[in-house]
Amino acid sequence: MTFIQQLKTKGFNPKNEILSGLTVALALVPEAVAFSIIADVSPLIGLYTAFIIGLITSLLGGRPGMISGATGAIAVVVVSLVARHGVEYLFAAVVLMGIIQIIIGVLRMGKFIRLVPQPVIYGFLNGLALVIFLSQLAQFKIEDENGAEHWLQGEPLFIMLGLVMVTMAIIHFLPKLTKAFPSSLAAILSISALVIFAGIPTKTVGDIASIAGGLPEFHLPLVSINWETIKIIFPYSLIMALVGLIESLLTLAVVDEMTETRGRGNKEAVAQGIANITTGFFGGMGGCAMIGQSIINVSSGGRFRLSGIVAAVFLLLFILFGAPLIEQIPMAALVGLMVMVSIGTFEWASLRIFRKVPLTDVIVMVLVAGVTVIFHNLAVAVILGVIISALAFAWENAKRIRARKTTDEHGYKHYEIYGPLFFGSVAAFNEKFDVANDPEHVVIDFKESRVVDHSAIEALNKVTERYARNGKKVHLKHLSEDCRKLMNNASAIIEVNYYEDPTYKVATDQIN
């Protein structure tokens with residue numbers, strides 16, 4: 001079986017890949033321009049960034065079908081760096097950002113994204129859906145001669161709304177008639193033809209900024225390579241690297257769910273790093289995976305690397321040759337497309353389960369979504385959500401520790417512990433023992449429990465000390481191998497005798 005035949009057996013369709021890539025390329029143009037404006041850099045910087053990062057991650061990334069480029073999450077981080085130190089420091093920071101991401105990938109730390117709970121992912125998706133929707137409202141504003149923005153009114157407003165609604169209707173209903181052509185691309189082409197040939201006055205891509213330019217050129221950042229420069233750019237580079245990887249790996253998880261396949265997080269981290277190093281040396285602003293464009297791509301039939309490569313190549317062709325034509329595309333068509341993306345991104349199921357899940361999960365969902373919308377800081381939103389979820393989990397497990405008490409034929413008192421012994425449960429654990437009335441030998445059985453951390457070891461130390469002061473001896477039973485290792489490492493703190501220690505199989509993860 002040839003390579004092409006193998007691809008076809010996996011659902012590879014060149015036509016769908018190419019058309020999906022073209023759709024994504026059209027949607028990338030206003031996004032890249034808008035994020036460049038947020039970062040206070042030239043629109044061409046954002047376009048070059050989208051081309052370079054999109055091409056490299058499509059070729060080398062761990063998630064075929066996922067689209068990367070210049071993003072708002074990165075733009076928000078770098079705006080103060082550009083304002084304080086200039087664009088050359090931005091280029092240097094992007095290079096260092098890529099180096100950090102490669103290190104994270106090589107150290108195989110991408111798998112930690114699996115520690116993100118489902119409520120955090122729901123909040124992330126809902127927050128991004130709201131951000132995508134709210135960002136489209138800027139297209140309903142117009143600047144006057146003084147540079148002040150005003151909402152569209154009268155006929156221009158009704159034209160804009162009408163074109164947006166028609167775009168959304170085409171995207172929604174065309175797949176019910178035929179799936180031979182991507183509905184998103186059909187909507188953009190139809191609305192563009194209507195506006196151009198009917199001469200309808202409305203805002204176009206060219207009204208935002210010109211996208212005409214040449215090939216990106218190699219450019220070493222014009223900064224001094226010394227400790228002072230590192231001190232300036234490192235905080236920005238670290239934040240950009242973490243924000244970029246969090247958004248990329250969460251987007252990877254979403255695309256995994258949509259395609260019912262599995263991407264490789266660590267490979268994606270390395271690819272993102274290589275892409276950002278490259279774009280830094282070609283005058284780019286840095287970027288990461290784009291959930292909106294990734295959803296457009298997958299929904300339009302792009303499931304393989306070809307769609308991302310085509311999107312990047314088309315974007316470069318737009319810059320080199322197609323600017324006059326692309327600049328005529330009405331913004332209403334792209335707004336309608338992005339509104340449909342926001343509707344598809346929002347996890348409507350999360351609203352239906354509000355009364356069926358613990359209050360903590362609801363709080364986490366709302367908090368993550370709120371922080372994402374208000375501060376546009378995905379890293380802070382996700383980290384807050386994980387911390388709250390972890391604390392809630394610790395509290396619940398702290399309440400569940402209990403002890404079953406029995407006495408055997410030798411007169412030994414057995415305490416069968418249920419639930420993990422860790423910092424949250426040590427107080428309840430210490431209350432389980434009747435030191436004064438227990439016999440000379442006491443067995444603490446951890447068959448249904450586990451010694452987790454230093455606080456647990458300290459709790460055991462206190463228990464054994466209490467028994468020792470009363471002339472009694474403690475035996476630890478059924479400690480797993482990792483628990484024994486933890487206890488041996490803490491031999492300076494606690495001295496006990498243990499026996500009947502079983503070996504437990506530990507699940508490992510070979511795909512990262």
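Scroll up for the structure.
One structure accompanies this document, and this report is about it. Just so you know, the residues in each chain are numbered from 1, in the order the chain's sequence is written. Since the coordinates come from a predicted model, pLDDT governs what is reported: local features require at least 70, and pairs of side-chain atoms require 80 or more to be given and counted, while whole-chain, interface and lining totals use all residues. With hydrogens and water stripped out, all remaining heavy atoms of the structure feed into the side-chain values.

## Some remarks on the packing of aromatic side chains
Okay, so step 1: By convention, a stacked pair of Phe, Tyr or Trp rings (six-membered ring in the case of Trp) has centres within 6.5 Å and planes under 30 degrees apart, an edge-to-face pair has planes over 60 apart, and any other such pair is tilted. Counting across every chain of the model gives nine aromatic pairs.
Okay, so step 2: Look at Tyr415 and Phe433: their rings are 4.6 Å apart centre to centre, the planes differ by 55°, and that puts the pair in the tilted class. A residue pair is termed long-range when its members are at least 10 positions apart, and Tyr415 in strand S6 (residues 413-421) and Phe433 in the loop between helix H18 (426-430) and strand S7 (441-451) qualify at 18 residues.
Okay, so step 3: Using a relative accessible area of 7% as the deciding quantity, one classes Phe433 as buried.
Okay, so step 4: By way of ring pairs, the aromatic residues Tyr415, Phe429, Phe433 and Tyr467 are connected into one cluster.
Okay, so step 5: When the NZ atom of lysine or the CZ atom of arginine is within 6 Å of a ring's centre and also within 35 degrees of its normal, the charge is said to sit over that ring. Positioned above the aromatic ring of Trp151 is the side chain of Lys141, whose terminal nitrogen or guanidinium carbon lies 4.7 Å from the ring centre. Secondary structure elements follow DSSP: runs of H or I of four or more residues count as helices, runs of E of two or more count as strands, with numbering from the N terminus. Any residue under 20% of the maximum accessible area for its type is buried, any over 50% is exposed, and the rest in between are partly exposed; the area is computed with a 1.4 Å probe on protein chains only.

## As for unusual backbone geometry
Okay, so step 1: With a phi angle near 60°, Arg108 is a residue other than glycine that sits in the positive phi range.
Okay, so step 2: Considering the arrangement of structural elements, one finds Arg108 in the loop between helix H5 (87-106) and helix H6 (118-135).

## A short note on a nonpolar patch on the surface
Okay, so step 1: To count toward a patch, a residue needs a relative accessible area over 30% and no salt bridge; like charges are then connected within 9 Å, while nonpolar side chains (Val, Leu, Ile, Met, Phe, Trp, Tyr) are connected within 5 Å. To measure how exposed things are, a 1.4 Å probe is used in the Shrake-Rupley method; for residues, cover is taken only from the protein chains shown. One side-chain nitrogen of Lys or Arg within 4 Å of one carboxyl oxygen of Asp or Glu is enough to make a salt bridge. A cluster of nonpolar side chains, Ile99, Ile103, Leu107, Met109, Phe112 and Leu115, forms an exposed patch at the surface whose accessible area comes to about 580 Å².
Okay, so step 2: Checked against the element boundaries, Leu107 lands in the loop between H5 and H6.
Okay, so step 3: Classification of Leu107 as exposed rests on a relative accessible area of 54%.

## Considering the nonpolar core
Okay, so step 1: With 106 residues, the main nonpolar core has Leu26, Leu90, Phe124, Ile211, Met285, Leu315 and Phe318 as its most contacted residues.
Okay, so step 2: Element by element, the count of residues in this core is highest for helix H2 (residues 14-39), at twelve residues.
Okay, so step 3: Beyond its immediate sequence surroundings of up to four residues, Phe318 is in contact with Leu22, Ala25, Leu26, Val29, Ile211, Ala323 and Ile326.
Okay, so step 4: By size, the runner-up hydrophobic cluster in this structure holds 21 residues, among which are Tyr415, Val426, Tyr467 and Leu476. To define a nonpolar core, start from buried Ala, Val, Leu, Ile, Met, Phe, Trp, Tyr and Cys residues and group those joined through side-chain atoms within 4.5 Å. Here, two residues are considered to be in contact whenever any of their heavy atoms come within 4.5 Å of each other.

## Side note on the pattern of salt bridges
Okay, so step 1: If you walk through the whole model with that rule in mind, you get four salt bridges.
Okay, so step 2: Linking Lys413 and Asp438 is a salt bridge whose minimum nitrogen-to-oxygen distance equals 2.8 Å. Within this pair, whereas Lys413 is found in strand S6, its partner Asp438 is found in the loop between H18 and S7, the two being separated by 25 residues in sequence.
Okay, so step 3: Classification of Asp438 by relative accessible area gives buried; the value is 5%.

It is worth stressing that arrangement in space is one thing and function is another; only the former is reported here.
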